[in-house]
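Spelled out, the chains give:
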Amino acid sequence: QVQLVESGGGLVQPGGSLRLSCAASTSIRRINTMAWYRQTPGKQRDLVASFTSDGNTNYADSVKGRFSISRDNAKNTVYLQMNSLKPEDTAVYYCYAAVSSLRGYWGQGIQVTVSS
């Protein structure tokens, strides 16, 4: 069982920045893939960014050049730095940990609202 706790969300104006954090209850070195997803009401949960254990990163086209995923193994924490935020980035953001191809865990989600 892996527990994930997100923090850092909130309200920000368009063009602003936020950094989300996801603290894991276990060593993230043992986790194959750490990722951030987001979801808006009535829509599916979409991948925003991911970071594999071998160092590969992947981003949704809509956030490339604006968002950056990183990890601090010593703190068992994954971050999502979000810059140049747009109203369409408004969503609930979820942290996800894939410990294997068959098992993954979700955080509880955190609201990000981009509005003037």
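Note that the structure is predicted; figures quoted are calculated from it, not measured. (Residues numbered from 1 in each chain as written. Predicted model: local features only at pLDDT ≥ 70, side-chain atom pairs only at ≥ 80, totals over all residues. Heavy atoms only, no water.)

1. A look at the side chain of S21
Okay, so step 1: Among the structural elements, S21 can be located in strand β3 (residues 18-24).
Okay, so step 2: The class of S21 is buried, set by a relative accessible area of 15%.
Okay, so step 3: Not counting residues within four places of it along the chain, the set of residues in contact with S21 comprises V5, E6, S7, W36, T77, V78 and Y79. (Helix = DSSP H or I, 4+ residues; strand = E, 2+ residues; numbered from the N terminus. Buried < 20%, exposed > 50% of the residue type's maximum accessible area, 1.4 Å probe, protein only. Contact = heavy atoms within 4.5 Å.)

2. Points about the environment of Y94
Okay, so step 1: For Y94, the position within the fold is in strand β9 (residues 91-98).
Okay, so step 2: Residue Y94 is classed as buried on the basis of its relative accessible area of 13%.
Okay, so step 3: Y94 has contacts with E6, A35, W36, Y37, Q39, R45, W106, G107, Q108 and G109, leaving out every residue within four places of it along the chain.

3. Points about the environment of I31
Okay, so step 1: You can see I31 is positioned in the loop between β3 and β4 (33-39).
Okay, so step 2: Residue classification places I31 among the buried residues on the basis of a relative accessible area of 1%.
Okay, so step 3: The sequence separation of I31 and P87 amounts to 56 residues, and the corresponding C-alpha distance is 32 Å.
Okay, so step 4: Other than its neighbours up to four places away in sequence, I31 contacts V2, T26, S53, R71, A97, A98 and V99.

4. Things to note about the packing of aromatic side chains
Okay, so step 1: As enumerated under the stated definition, the model contains four aromatic pairs in all.
Okay, so step 2: Considering the side-chain rings of Y37 and Y96, the 5.9 Å spacing of their centres and the 80° angle between planes classify their relative orientation as edge-to-face. Within this pair, whereas Y37 is found in strand β4, its partner Y96 is found in strand β9, the two being separated by 59 residues in sequence.
Okay, so step 3: For the ring pair Y96 and W106, a centre distance of 4.5 Å and an interplane angle of 45° mean the geometry is tilted. (Phe/Tyr/Trp six-rings, centres within 6.5 Å; stacked < 30°, edge-to-face > 60°.)

5. Brief notes about the nonpolar core
Okay, so step 1: The biggest cluster of nonpolar side chains holds 31 residues, and the ones touching the most others in it are L4, M34, W36, L80, M82 and Y93.
Okay, so step 2: Those elements giving two or more residues to this core turn out to be β3, β4, β5 (46-52), β7 (67-72), β8 (77-82), β9 and β11 (110-114).
Okay, so step 3: Y93 has contacts with E6, L20, W36, Y37, R38, V48, F67, L80, M82, G109, I110 and V112, leaving out every residue within four places of it along the chain. (Core = buried A, V, L, I, M, F, W, Y, C linked by side-chain atoms within 4.5 Å.)

6. Some remarks on unusual backbone geometry
Okay, so step 1: In this structure, N76 is a non-glycine residue whose phi angle is positive, near 55°.
Okay, so step 2: Among the secondary structure elements, N76 is positioned in the loop between β7 and β8.

7. Points about the pattern of salt bridges
Okay, so step 1: Throughout the structure, instances matching the rule amount to three salt bridges.
Okay, so step 2: R38 serves as the salt-bridge partner of D89, at 2.9 Å between the closest nitrogen and oxygen. Of the two residues, D89 is situated in the loop between β8 and β9 and R38 in strand β4; the sequence distance between them amounts to 51 residues.
Okay, so step 3: A relative accessible area of 1% places D89 in the buried class.
Okay, so step 4: For D61, the salt bridge is made with K64, and the minimal N-O distance between the two is 3.1 Å.
Okay, so step 5: Classification of K64 as exposed rests on a relative accessible area of 51%.
Okay, so step 6: It is possible to trace a salt-bridge network through shared partners that takes in R38, R66 and D89. (Salt bridge = Lys/Arg side-chain N within 4 Å of Asp/Glu carboxyl O.)

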